[in-house]
Amino acid sequence: AQTVTQSQPEMSVQEAETVTLSCTYDTSESNYYLFWYKQPPSRQMILVIRQEAYKQQNATENRFSVNFQKAAKSFSLKISDSQLGDTAMYFCAFMKRPNSGYALNFGKGTSLLVTP
Amino acid sequence: DVKVTQSSRYLVKRTGEKVFLECVQDMDHENMFWYRQDPGLGLRLIYFSYDVKMKEKGDIPEGYSVSREKKERFSLILESASTNQTSMYLCASRIAINTEAFFGQGTRLTVV
């Protein structure tokens, strides 16, 4: 079975600070995709960043970056210069195997609160 | 911009009713998905569809069925709604397997 674990149900960070959300996953595959999605109070799920497992370079999107450790099966999200608008649920997701249609398998989420 | 539209944001239904949740995407996406979101459980896959008239069970298909008669529309059906199906339902679509999935805004269903 392929699982995604987010060990931090809730986190809090002050505006302008840096925060790291952790994610680990379990798979026997060698090539796969990992994603971080954000769900603000509006409920709209938005892609934050994606990582292809065969790429060694960590993905970066503006203030968002990942630390991808393939051997450790770890995929953490770093948010730099946190803003109030970053307050949201963050979900780590792993793309499943063919017999599940390559659907996204999600972790349980981390609720991030950015405070002034 | 890609748009995935779910027919209702909030829905209240009675136990035993047949419930239809509709999802429409406007970008000719091949793949469509239905997820259920519950606090502390994240998103769980109910059903997915590769293409028109094609459907496959996800992790929690019991009590649900789906229909995809046209490429742009993927419907989730609760044959006989029960209170344990009270939840947030999210629809998603994407062009291909290695591309971004786009989500609708969710339907919060309450079964009383």
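To be clear, the structure that these remarks concern was listed above.
Before going into details, it helps to say that this report is about the structure given with it. Each chain carries its own residue numbering, running from 1 in the written order of its sequence. Chain labels run from A onward and ligand labels from 1 onward, assigned in the order the entries are written. Thresholds applied to this predicted model are a pLDDT of at least 70 for local features of residues and 80 or more for the giving and counting of side-chain atom pairs; totals over whole chains, interfaces and linings are not thresholded and use all residues. Hydrogens and water are ignored here; the side-chain numbers use all heavy atoms of the structure.

## Topic: the overall build of chain A
(1) Moving on: A helix here means a DSSP run of H or I that spans at least four residues, while a strand means a run of E at least two residues long, and both kinds are numbered starting from the N terminus. Across its full length, chain A holds 0 helices and 12 strands.
(2) Moving on: Mapped from its N terminus to its C terminus, chain A presents α and β elements in the order β-β-β-β-β-β-β-β-β-β-β-β.
(3) Moving on: Here the C-alpha atoms of chain A give a radius of gyration of 14 Å, agreeing with the 13 Å that 2.2 N^0.38 yields for 116 residues.
(4) Moving on: By its C-alpha atoms, chain A is 45 × 30 × 20 Å across when sized along the principal axes.
(5) Moving on: Summary of the burial criterion: residues with accessible area below 20% of their type's maximum are buried, those above 50% are exposed, and those between are partly exposed, where the area comes from a 1.4 Å probe applied to protein chains only. Taking all 116 residues of chain A together, 50% fall into the buried category.
(6) Moving on: Taking contacts inside chain A between residues at least 6 apart in sequence as the whole, the part at least 24 apart equals 54%.
(7) Moving on: Residue exposure ignores everything except the shown protein chains as possible cover, and the areas themselves are Shrake-Rupley values with a 1.4 Å probe. Summing over all exposed atoms, chain A offers an accessible surface of approximately 5,600 Å²; the carbon and sulfur share of this is 47%.
(8) Moving on: Charged side chains in chain A number 11 positive and 9 negative. The centres of these two groups are separated by 9 Å. Both definitions apply: the radius of gyration is a C-alpha atom measure, and the globule rule equals 2.2 Å times residues to the power 0.38. In what follows, a contact means two residues having at least one pair of non-hydrogen atoms within 4.5 Å. Think of it this way: Lys and Arg go in the positive column, Asp and Glu in the negative one, and His and the chain ends go nowhere. Taken as the charge centre is NZ of Lys, CZ of Arg, CG of Asp or CD of Glu, depending on the residue.

## What about the pairing of strand β6 (residues 46-52) of chain A?
Residues and elements named next belong to chain A.
(1) Moving on: Across the 7 residues that make up β6, a large majority, 5, are buried.
(2) Moving on: Strand pairing is assigned whenever DSSP detects at least two bridges linking the two strands. Across 6 bridges, strand β5 (residues 33-39) lies against β6 in antiparallel orientation. Looking at β6, one finds that Trp36 is bridged to Ile49.
(3) Moving on: Adjacent in sequence and paired antiparallel, β5 and β6 are bridged by 6 residues, among which Arg43 carries a positive phi angle near 80°.

## Section: the sheet that holds strand β1 (residues 4-6) of chain B
Sheets are built from strands paired through backbone hydrogen bonds, the pairs being either parallel or antiparallel.
Residue and element names in this part refer to chain B.
(1) Moving on: Within the open sheet, the 4 strands sit side by side as β1-β3-β8-β7. Their pairing is antiparallel. Every other strand in the sheet has two partners, leaving β1 and β7 (64-70) as the edge strands with one partner each. Looking at each pair of strands side by side, their axes are set apart by 20° on average, direction ignored.
(2) Moving on: Alignment of β7 against strand β8 (residues 73-78), held across 5 bridges, turns out to be antiparallel. Opposite Ser67, over in β8, you have Ser75 as the bridge partner. Note on definitions: angles span 0 to 180 degrees between N-to-C directions of axes, and those axes are lines fitted to C-alpha atoms, for helices only across the stretch in contact.

## Concerning the interface of chain A and chain B
(1) Moving on: Contact with chain A, which involves 21 residues of that partner, is made by 27 residues of chain B.
(2) Moving on: What gets called buried area is simply the loss in accessible area from a 1.4 Å probe that two parts show on being joined, summed for both. Buried surface at the junction of chain A and chain B, summed over both partners, amounts to about 2,000 Å²; 49% is from carbon and sulfur atoms.
(3) Moving on: Polar contact criterion, stated in full: a pair of N or O atoms within 3.5 Å, where within protein one must be able to donate a hydrogen and the other to accept it, and residues adjacent in sequence count only if both atoms are side-chain atoms. Counting every contact that joins chain A to chain B gives 7 residue pairs in polar contact (both at pLDDT 80 or more).
(4) Moving on: Residue assignment for the side of chain A that touches chain B shows that the elements contributing at least two residues are β5, β6, β10 (88-95) and β11 (104-106) of chain A.
(5) Moving on: With 3 residues, β5(A) is the single largest residue contributor to the side of chain A that touches chain B.
(6) Moving on: Under this grouping Gly is polar, as are all residues other than the nonpolar Ala, Val, Leu, Ile, Met, Phe, Trp, Tyr, Cys and Pro and the charged Asp, Glu, Lys and Arg. For the side of chain A that touches chain B, the per-class residue count stands at 11 nonpolar, 6 polar and 4 charged.

Don't take any of this as a statement about function, it's just geometry.
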